[in-house]
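# Tertiary structure, described
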Amino acid sequence: MSRFYITKIAASGEKVEYSSVPFKDGVNFIEGPSNTGKSYVIGCIDFMFAGKEVPFSKDDTGYDTVMLEMESDDGYSFKAERKIEDGSSGDKGSNVVKVYSDFPGVDKDEYKVGNGEYSTLLLSLIGIDKVPKIIATQAPTDEEMTIRTIFHFFFLSEENIFEKRTPLDNPDHSKITKSLTSLIYLLTADDLNRFLPKISVEELEKRATRKAGVISYLNQKIADLSKQKEQLEEALAADDGVDIDAKIDEFVAEIEKVERQIVDASEESRKLLAQIYEVNAKLQEARFLGNRYRALHSQYMSDIKRLNFIVDGDAKGKTIHHKDNCPFCGHEMDAEEEDRTSYVESAKSELARIRLQLGDLEVTETDTRKEIKELEETLKALNAQNSNITKLLNQNLRPHAAELRAAVAEFRRIQHVRQQLQSIAYMSTELGTDVFEKENEEDETATKFDAKKNFDKNIWKDLSESVNEMIKDCAYTGKPESYLNINTADVVVGGRHKKNQGKGYRAFLNTIMLFNLMKYLESSGKYASHFLVLDSPILSLKEKKYSIKESEKATKGMRESLIQYIIDHCGNNQLIVAENELPETVNYQNANRITFTMDEEQGRYGFLHSVRNPEEE
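Everything numeric here is computed off the predicted structure, so don't read it as measured data.

### Concerning the sheet that holds strand 12 (residues 490-493)
Sheet strands line up and pair through hydrogen bonds in the backbone, either parallel or antiparallel. The sheet built from three strands is open, its strands ordered 11-12-13 with antiparallel pairing. Both edges of this open sheet fall to strand 11 (482-485) and strand 13 (496-497), since each of them pairs with a single strand only. As paired elements, strand 11 and strand 12 share four bridges and run antiparallel to each other. Looking at strand 12, one finds that Asn-485 is bridged to Asp-490.

Below you can see the structure in the form of structure tokens.
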């Protein structure tokens, strides 16, 4: 099968300069400020694939003809030309497309849009030689598939890129049945034109209610786990990359070392206290003896004074003259011999003995005072050593040990948090699998045709897994678990449905869904267009135009990663991306950049050479 890719989009008019934009196979970026015609180029592609909307006003621009050129891998060329005409309510596209091609099966110069001729020709370019009939409603009824039935799989306009609805649904239809059955046909070549078993509506509603309840519960659990995961990852941000086990071993070894020092210091303190107790006992004993010696010394001094008094008294008594006359009458009295005992000798002997003992006592007192001083100095030194050891223990070793234990506790907490994160990731994956299986379980209760029930589970699972991986690879905040919800045919990220997220995030996710669909059709589909057109996937400089709040914007890292991913994984496909401003941190070596400057002096002003400042895009 030939694979075609767009080589040129052009516009012309009778009085204006011919304008064209060349494209290459692979990734093409059209960039530049607003009002330079980027969306005109995207609109021209839509117009040339049988779109109803004209890309620009014929009267305002002077351009009335749009041209599309394509080439195939095997050398075929295809050129188409379509006019913009006056209609009853304004400009409209011509019903006739002029075609110039050497591709087999192209046997006319003109193909009509309204009767499906042109659509059939375009389908043949992607290998669909016979137009299939697909189920279009749940009734069911069938109708022929056209290029417009499937074009939204390969084309996202600026107005639809951030839509809440799934990009797998055609924005021109209110029901998704036709979109899904046409997608199934592209994937498998199965037109599904058969009926399903019937059951009562009541039973269908009961089963649907039970199933919805289970799915809602599981999604809530996934959302709770995603929130918990985000909080834990924030708590671990500063410790990312730290070898926790090595740190714990390091600090435990240090704790053991410090505890050995504490034990050694405590043992040394115990020995010093024993010495202090022993010295203190000796000191108390010495002080007690010193007090006793001082008391005995005082006693000896008192005894010496008393004995000296006796000896001195006796010596003085001998010199006393006694009267010989009567003190009353004055007559002489006969002198009588005094008969008294003298104690002088014994007193002197006792005095000599006490003085001898006092001399010995003074020697002993001197020795005791010396011993007391030595013991006091020893006790002071011992107390100082013990004080230093106590200070070392209380101010250094024990606080350090406490700090180390706290550090070990913190690292063990981090280790526990990491284990929690692993458990949460595992549980999220398991719950995501449960939701996917629940949504895709066989349900024989349907009374109406449901395209979702006929979607091959393995294909849906493969698409779901590839979308999940790309969301993570493109730096989505928190890298949550994601899956494709079969009921909405849309993506659920971290338990949150896409429609509940901001515009920037929706544009990001819609782009990822269609990019993965393109890749899957390339590798495994029966029919593939091999191209994807995106208008403003990262919504650069579109915030004001579409009232996008700061909280709704995809992050800078997400936008950069998405553009780089598209370039790196384009494969055997062509992408045409229009964007006001591209991130410069991306490697564009393998991409084709087409830049409009809105500057007369530098580069290309815009798409239409004869137009300046067209209507706001």
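That was the structure; now back to the text.
### Things to note about the packing of aromatic side chains
Under the defined criterion, the tally for this structure stands at 15 aromatic pairs. Between the aromatic rings of Phe-49 and Phe-151, the centroid separation amounts to 5.1 Å while the plane-to-plane angle is 20°, which identifies the pairing as stacked. With Phe-49 in the loop between helix 1 (38-48) and helix 2 (58-61) and Phe-151 in the loop between helix 4 (147-150) and strand 10 (155-156), this pair connects stretches of sequence that are 102 residues apart. Measuring from centroid to centroid gives 5.5 Å for Tyr-76 and Phe-103, while their planes differ by 90°, and the two rings are edge-to-face. With a gap of 27 residues between them, Tyr-76 in the loop between strand 4 (65-72) and strand 5 (77-87) and Phe-103 in the loop between strand 6 (90-101) and strand 7 (110-112) connect regions that are remote in the sequence.

### Notes on a nonpolar patch on the surface
A contiguous nonpolar patch, built from Phe-309, Ile-310 and Tyr-343 and spanning about 370 Å² of accessible area, is present on the exposed surface. Tracing the chain through its elements places Phe-309 in helix 7 (residues 244-317). For Phe-309, a relative accessible area of 66% gives the class exposed.

### What to know about the packing of helix 10 (residues 503-524) against helix 11 (residues 556-568)
Look at helix 10 against helix 11: their axes get within 11 Å of each other, and the N-to-C directions meet at 15°. Classified by the angle between their axes, helix 10 and helix 11 sit roughly parallel to one another. The handedness of the crossing between helix 10 and helix 11 comes out as left-handed. Between helix 10 and helix 11, the residues in contact are Tyr-505, Phe-508, Thr-511, Ile-512 and Phe-515 and Met-558, Leu-562, Tyr-565 and Ile-566, respectively.

### A short note on helix 11
Between its terminal C-alpha atoms helix 11 stretches 18 Å, which fits the 18 Å expected from 13 residues at 1.5 Å a residue. Turning to helix 11, its buried residues are Met-558, Glu-560, Leu-562, Ile-563, Gln-564, Tyr-565, Ile-566 and Ile-567.

### Observations regarding the side chain of Asn-510
Along the chain, the position of Asn-510 falls in helix 10. Overall, Asn-510 belongs to the buried group, its relative accessible area being 1%. Residues in contact with Asn-510, not counting those within four places in the same chain, are Leu-156, Asn-160, Ile-161, Phe-162, Glu-163, Arg-165, Pro-167 and Lys-498.

### Side note on the environment of Asn-592
You can see Asn-592 is positioned in strand 16 (residues 591-595). The class for Asn-592 is buried, based on a relative accessible area of 15%. Between the alpha carbons of Asn-592 and Ile-576 there is a distance of 9.4 Å; along the sequence they are 16 residues apart. Here the side chain of Asn-592 touches Asn-28 through a polar contact of 2.8 Å, side chain to side chain.

### Re the nonpolar core
With 119 residues, the main nonpolar core has Phe-49, Phe-56, Phe-78, Tyr-118 and Phe-607 as its most contacted residues. The element that contributes the greatest number of residues to this core is helix 10, accounting for 12 residues. If near-sequence neighbours (up to four positions away) are discounted, Phe-78 is found in contact with Phe-4, Leu-68, Glu-69, Met-70, Val-99, Tyr-100, Ser-101, Tyr-118, Leu-121, Leu-122 and Leu-125. By size, the runner-up hydrophobic cluster in this structure holds 23 residues, among which are Ile-244, Ile-389, Ala-407 and Val-408.

### A look at the pattern of salt bridges
Summed over all chains, the structure comprises 21 salt bridges. Its salt-bridge partner being Arg-3, residue Asp-25 comes within 2.3 Å of it at the nearest N-O pair. Taken as a pair, Asp-25 in the loop between strand 2 (19-22) and strand 3 (27-31) and Arg-3 in the segment before strand 1 (4-12) lie far apart in primary sequence, 22 residues in all. Owing to a relative accessible area of 4%, Arg-3 belongs among the buried residues under this scheme. The network of salt bridges with shared partners includes Arg-3, Asp-25 and Asp-73.

### Overview of the sheet that holds strand 2
Here we have six strands laid out as an open sheet, ordered 2-1-4-5-6-7, and antiparallel in their pairing. In this open sheet, the two strands that pair with only one neighbour each are strand 2 and strand 7. On average, each strand axis in the sheet is inclined to that of its neighbour by 25°, with strand direction left out of account. By the bridge criterion, three bridges tie strand 6 to strand 7 in an arrangement that is antiparallel. Bridged to Val-97 within strand 7 is Tyr-111. Where helix 1 meets the sheet, it contacts strand 1, strand 2, strand 4, strand 5 and strand 6, and its direction lies at approximately 100° from that of strand 5. Here helix 3 (residues 117-125) sits on the sheet in contact with strand 1, strand 4, strand 5, strand 6 and strand 7, set at roughly 110° to strand 7.

### A few points about the environment of Thr-36
Here Thr-36 shows up in the loop between strand 3 and helix 1. Spatially, the C-alpha atoms of Thr-36 and Phe-607 are 6.4 Å apart, while their sequence positions differ by 571 residues.

### What to know about unusual backbone geometry
Backbone geometry places Ala-489, a non-glycine residue, at a positive phi of 55°. Take Ala-489: it is sitting in the loop between strand 11 and strand 12. Take Ala-489: its relative accessible area is 0%, and that puts it in the buried class. Its identity is not glycine, yet Ser-536 carries a phi of approximately 65°, on the positive side. Its place among the elements puts Ser-536 in the loop between strand 14 (531-535) and helix 11. With a relative accessible area of 1%, Ser-536 lands in the buried category.

### Brief notes about the packing of helix 5 (residues 177-188) against helix 10
Where helix 5 contacts helix 10, the two axes come as close as 9 Å, and the packing angle between them is 35°. The residues of helix 10 that touch helix 5, namely those facing Leu-183, Leu-186 and Leu-187, are Leu-517, Tyr-520, Leu-521 and Ser-524. When the residues that make up the contact of helix 5 with helix 10 are grouped by side-chain class, the tally is six nonpolar, one polar and no charged.

Procedures and definitions
- Residues numbered from 1 in each chain as written.
- Predicted model: local features only at pLDDT ≥ 70, side-chain atom pairs only at ≥ 80, totals over all residues.
- Heavy atoms only, no water.
- Pairing = 2+ DSSP bridges.
- Helix = DSSP H or I, 4+ residues; strand = E, 2+ residues; numbered from the N terminus.
- Phe/Tyr/Trp six-rings, centres within 6.5 Å; stacked < 30°, edge-to-face > 60°.
- Patch = residues over 30% accessible without salt bridge, like charges linked within 9 Å, V, L, I, M, F, W, Y side chains within 5 Å.
- Areas by Shrake-Rupley, 256 points an atom, 1.4 Å probe, with all protein chains shown as cover.
- Salt bridge = Lys/Arg side-chain N within 4 Å of Asp/Glu carboxyl O.
- Buried < 20%, exposed > 50% of the residue type's maximum accessible area, 1.4 Å probe, protein only.
- Axes fitted to C-alpha atoms, helices over the stretch in contact; angles between N-to-C directions.
- Parallel < 35°, antiparallel > 145°, perpendicular 65-115°, else oblique.
- Left-handed = near helix turned anticlockwise from the far one by under 90°.
- Contact = heavy atoms within 4.5 Å.
- Expected span 1.5 Å × (residues − 1).
- Polar contact = N/O pair within 3.5 Å; in protein donor to acceptor, adjacent residues only side chain to side chain.
- Core = buried A, V, L, I, M, F, W, Y, C linked by side-chain atoms within 4.5 Å.
- Nonpolar A, V, L, I, M, F, W, Y, C, P; charged D, E, K, R; others polar.

Read these as spatial facts, not as claims about activity.
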